[in-house]
Amino acid sequence: MFAKPKQPPIKSLIAQGTRIQGDLLFAEGLRIDGEVVGNVRAAADGASLLIVSEVASVQGSIEADHVIINGHVKGPVLARQLLELQPKARIEGDVSYRAIEMHQGATIEGQLRPMASDGAEEKPTLKLAANHR
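Residues numbered from 1 in each chain as written. Predicted model: local features only at pLDDT ≥ 70, side-chain atom pairs only at ≥ 80, totals over all residues. Heavy atoms only, no water.

Peer 1: Quick rundown of the overall build of the protein? Include the residues and the values.
Peer 2: Summing up its helical and strand segments, the protein has zero helices and 15 strands in all. Here the protein holds 133 residues, and the buried ones make up 35% of them. For the protein, restricting intrachain contacts to residue pairs at least 6 apart in sequence, the fraction spanning at least 24 positions comes to 9%. (Helix = DSSP H or I, 4+ residues; strand = E, 2+ residues; numbered from the N terminus. Buried < 20%, exposed > 50% of the residue type's maximum accessible area, 1.4 Å probe, protein only. Contact = heavy atoms within 4.5 Å.)

Peer 1: Help me get a handle on unusual backbone geometry, residues and values and all.
Peer 2: Phi at Glu28 takes a positive value of approximately 65°, unusual for a residue other than glycine. Residue placement: Glu28 occurs in the loop between strand E3 (24-26) and strand E4 (29-32). For Glu28, a relative accessible area of 30% translates into the label partly exposed.

Peer 1: Tell me about the confidence of the model for the protein, and name the residues and values.
Peer 2: In the predicted model, the protein carries a mean pLDDT of 89, and the fraction of residues at 70 or more is 83%. Confidence drops under a pLDDT of 50 for residues 121-127, and excluding neighbours within four residues, the segment shows zero contacts in the predicted structure. (pLDDT = per-residue confidence, 0-100.)

Peer 1: Summarise the sheet that holds strand E2 (residues 19-21); cite the residues concerned and give the values.
Peer 2: The sheet built from six strands is open, its strands ordered E2-E5-E8-E10-E12-E14 with parallel pairing. Taken across any chain shown, the strands that pair with only one partner, and hence form the sheet edges, are E2 and strand E14 (107-109). Each adjacent strand pair in this sheet contributes to an overall mean axis angle of 5°, direction not counted. Both strand E5 (residues 35-37) and strand E8 (residues 57-59) contribute to a ladder of three bridges, which runs parallel. Each bridged residue has a counterpart across the sheet, and for Val37 the counterpart in E8 is Gln59. (Pairing = 2+ DSSP bridges. Axes fitted to C-alpha atoms, helices over the stretch in contact; angles between N-to-C directions.)

Have a look at this one:
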């Protein structure tokens, strides 16, 4: 059916009990089990994966290709490709995504904003059939 692209490896971890204050820029994969007060952004020059575990919290914006959330995020989320919201995900902010997978129990307090796919064809204009008598 649909094959998911290969995920980049998780190369960085913010462990439970750790608090980071300030903006983060990462490449490839990052897993957050602790607390981040600041923006978390993946470099745009390669595939990226961000995981916010159920024990994690982020106060700031999030931006990556593939974002998996099961913790608390207070700020806007931009998933350039896929956003996965697991059962304990709680987002307070607007969410932009190309594709979304949302499990029962996940909550969003904000607007959902689907993004157009790259190279997507324009939707055909609607033409009504002429009335025939």
